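Structural overview
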Protein chains: 2
Amino acid sequence: MFADLDRTGPLPMYSQVAERLEEAIRTGVIPAGGRIESEIAIAERLRLSRPTIRRAIQDLVDKGLLVRRRGIGTQVVSGRVTRAVELTSLFDDLDAAGARPRTDLLLHEAIQAADDVAHELGLQAGAPVLHVRRVRYADGAPVAVLENWLPGDLADLTEEALRERGLYQLLRARGVGIRIAHQTIAARGCAGDEADLLGLPARAPVLSVERVTHDHTGRTIELGRHCYHPDRYRFSTTLVAR
Amino acid sequence: MFADLDRTGPLPMYSQVAERLEEAIRTGVIPAGGRIESEIAIAERLRLSRPTIRRAIQDLVDKGLLVRRRGIGTQVVSGRVTRAVELTSLFDDLDAAGARPRTDLLLHEAIQAADDVAHELGLQAGAPVLHVRRVRYADGAPVAVLENWLPGDLADLTEEALRERGLYQLLRARGVGIRIAHQTIAARGCAGDEADLLGLPARAPVLSVERVTHDHTGRTIELGRHCYHPDRYRFSTTLVAR
DNA sequence: AAGTGGTCTAGACCACCGA
DNA sequence: CGGTGGTCTAGACCACTTC
């Protein structure tokens, strides 16, 4: 199970150990409800220190795959194991699922930020921002209407680029990595042209998300107000009490 | 800022340090975008070890309050700081917000689990389960329709108890602590009597959540299928890339 | 009593950044 | 170059559970 650990490469040992453990859990080598070895036993076997093994195990606890009890040991959570939500983009998710994402660009304008947008982005009202509105399709069917605002200094994203790639991909290529997202998820009825764009009846329910993202410096990168087709998108999370 | 650390009490030092730091961030003592001291400096000042301080800081990074960069330092995330989602119950949340929660019990029956319910709970089809259906009010206004299934050995929750307290409170009093929740959030139109119960027009949009929870042993405790009034409930999360 | 995880220490070396 | 965070070590003591 712990064969082929690379002790000199760039990948930290704790991350390699966590990877192997997760693999063993997902493939059923360690069954649901089963106990893993104690951290001391693993540490000795792999000739690694206990804190290193602890870190690997703790990462999987945070992912909701393991539970630990003092005096007892560490067990695999029973029930089917779901993959935890990562901070990924819709475009990449669809792409990875083989769903052939496509984007219609409805709007691409440099404007002055309205009060609410400026507030969310941490700018002065009236500051220059880029406003884009897109429809995202998967396998030809509309999945979401995506409306975004970005600070003026990120406003050089071209219309062509936005038609071909996801927003986060473009930002990443510019050296802007998304690190933190605060989002609020709600339900509401379609408004304006949303029903038409998503192929839904008027006032049909949609999943609505407002998201503010920050990069690795803590700077606000983007405000997104999105609505999703109720049958083609849902949101999964794993919550773990610490 | 770090006055009154209790060095002998039951509360771990890293948690006390994290608490003080979070307080300083939320009250603006350390402003958005501002840098905190290096972990070594804090460790020396508090006469604690570096790993202890690291753990405190890392907890706040995981909460989305701080960002760290090698060679630079640790900064407060800019923009308004939102409170991260905890694994809490609706009842407790409403109570804490001073919203005077109230519960109507619509259904309380011991039944045999249907296939889908049994599967989610990790039981055999036909196994005995407790099925409850409730309407939760805040300040007299309906917020959610809550439908839950629990394994048979947790089925001794009385109707009276369920009218007076939240489900998680009752489970906790029985020594069952919720530790992990997997949930899926979606939007849909009201079905059946939901519109009536929530005071909404027929087929109005609702936020729909399916949640499976596990206790500290990894055992499946509860399946919940809930729908929420779209104007009275929304869902906030913070995602942090690691 | 023995074994588990929870906390904490006092170092070490490294990669990365800015001056 | 010095300072920062990222990783890792080899111990220690404790609380809790099971036997």
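Relevant structure appears above.
Residues numbered from 1 in each chain as written. Chains lettered and ligands numbered in written order. Predicted model: local features only at pLDDT ≥ 70, side-chain atom pairs only at ≥ 80, totals over all residues. Heavy atoms only, no water.

A closer look at the relation of the copies chain A and chain B
Laying chain A over chain B is done by rotating through 180 degrees and shifting 0.0 Å along the axis; what remains is an RMSD of 0.2 Å. Here the symmetry operator amounts to a two-fold rotation axis. Distance from the rotation axis, computed per C-alpha, reaches its smallest value in chain A at Pro205 of chain A: 2.3 Å. Mapped onto chain B, 100% of the interface residues of chain A again fall at the interface, so both copies present the same surface. (Least-squares fit on C-alpha atoms with pLDDT ≥ 70 in both. Contact = heavy atoms within 4.5 Å.)

Some remarks on the protein's contact with DNA strand C
Contacts to DNA strand C come from 23 residues, most closely from Arg50 of chain A together with Met13, Tyr14, Ser49 and Thr52 of chain B. The sugar-phosphate portion of DNA strand C accounts for 71% of its atoms within 4 Å of the protein, the bases making up the rest. Between a phosphate oxygen of DNA strand C and a main-chain N or O atom of Glu39 of chain A, the distance comes to 3.1 Å. In the environment of DNA strand C, a phosphate oxygen lies 2.7 Å from a nitrogen or oxygen atom belonging to the side chain of Tyr14 of chain B. Of all the secondary structure elements, the ones that give two or more residues to the surface near DNA strand C are helix 3 (50–62), strand 2 (66–69) and strand 3 (73–76) of chain A together with helix 1 (13–26) and helix 3 (50–62) of chain B. With four residues, the top contributor of residues to the surface near DNA strand C is helix 3 of chain B. Among the residues forming the surface near DNA strand C, the class breakdown is seven nonpolar, seven polar and nine charged. (Near = heavy atom within 4 Å. Polar contact = N/O pair within 3.5 Å; in protein donor to acceptor, adjacent residues only side chain to side chain. Helix = DSSP H or I, 4+ residues; strand = E, 2+ residues; numbered from the N terminus. Nonpolar A, V, L, I, M, F, W, Y, C, P; charged D, E, K, R; others polar.)

Some thoughts on the protein's contact with DNA strand D
The local shell around DNA strand D holds 23 residues, among which Met13, Tyr14, Ser49 and Thr52 of chain A together with Arg50 of chain B are the closest. Considering the 4 Å shell around the protein, atoms of DNA strand D inside it are sugar or phosphate in 70% of instances. In this structure, Arg70 of chain A approaches DNA strand D through a side-chain N or O atom, which is 3.3 Å from a sugar or linking oxygen. A distance of 3.2 Å is found between a phosphate oxygen of DNA strand D and a side-chain nitrogen or oxygen belonging to Arg68 of chain B.

Some thoughts on the sheet that holds strand 8 (residues 205–215) of chain B
Strand order in the open sheet formed by seven strands is 10(A)-7(B)-8(B)-9(B)-6(B)-5(B)-4(B), and the pairing between neighbours is antiparallel. Among the strands making up the open sheet, the edge pair consists of strand 10 (235–240) of chain A together with strand 4 (101–112) of chain B. For this sheet, the mean angle separating the axes of adjacent strands, direction not counted, is 15 degrees. In the sheet, strand 4 of chain B pairs with strand 5 (residues 128–138) of chain B via 11 bridges, with the strands oriented antiparallel. Across the sheet, residue Gln112 of chain B finds its bridge partner in strand 5 of chain B, namely Pro128 of chain B. (Pairing = 2+ DSSP bridges. Axes fitted to C-alpha atoms, helices over the stretch in contact; angles between N-to-C directions.)

Examining the nonpolar core
With 28 residues, the main nonpolar core has Ile185, Leu207 and Tyr228 of chain A together with Ile185, Leu207 and Tyr228 of chain B as its most contacted residues. Those elements that provide at least two residues to this core are helix 4 (90–96), strand 6 (141–151), strand 7 (178–189) and strand 8 (205–215) of chain A together with helix 4 (90–96), strand 6 (141–151), strand 7 (178–189) and strand 8 of chain B. In this view, Ile185 of chain A contacts Leu207, Ser208, Val209 and Phe235 of chain A together with Ile185, Leu207, Arg234 and Phe235 of chain B; residues no more than four positions away in its chain are not counted. (Core = buried A, V, L, I, M, F, W, Y, C linked by side-chain atoms within 4.5 Å. Buried < 20%, exposed > 50% of the residue type's maximum accessible area, 1.4 Å probe, protein only.)

Focus on the pairing of strand 9 (residues 220–228) of chain A
Residues and elements named next belong to chain A. Counting buried residues in strand 9 gives eight out of nine residues, a clear majority hidden from the surface. In this structure, strand 6 lies alongside strand 9, joined through six bridges in antiparallel fashion. Bridging across to strand 9, Trp149 finds its partner in Leu223. Examined bridge by bridge, strand 8 and strand 9 share eight bridges and lie antiparallel to one another.

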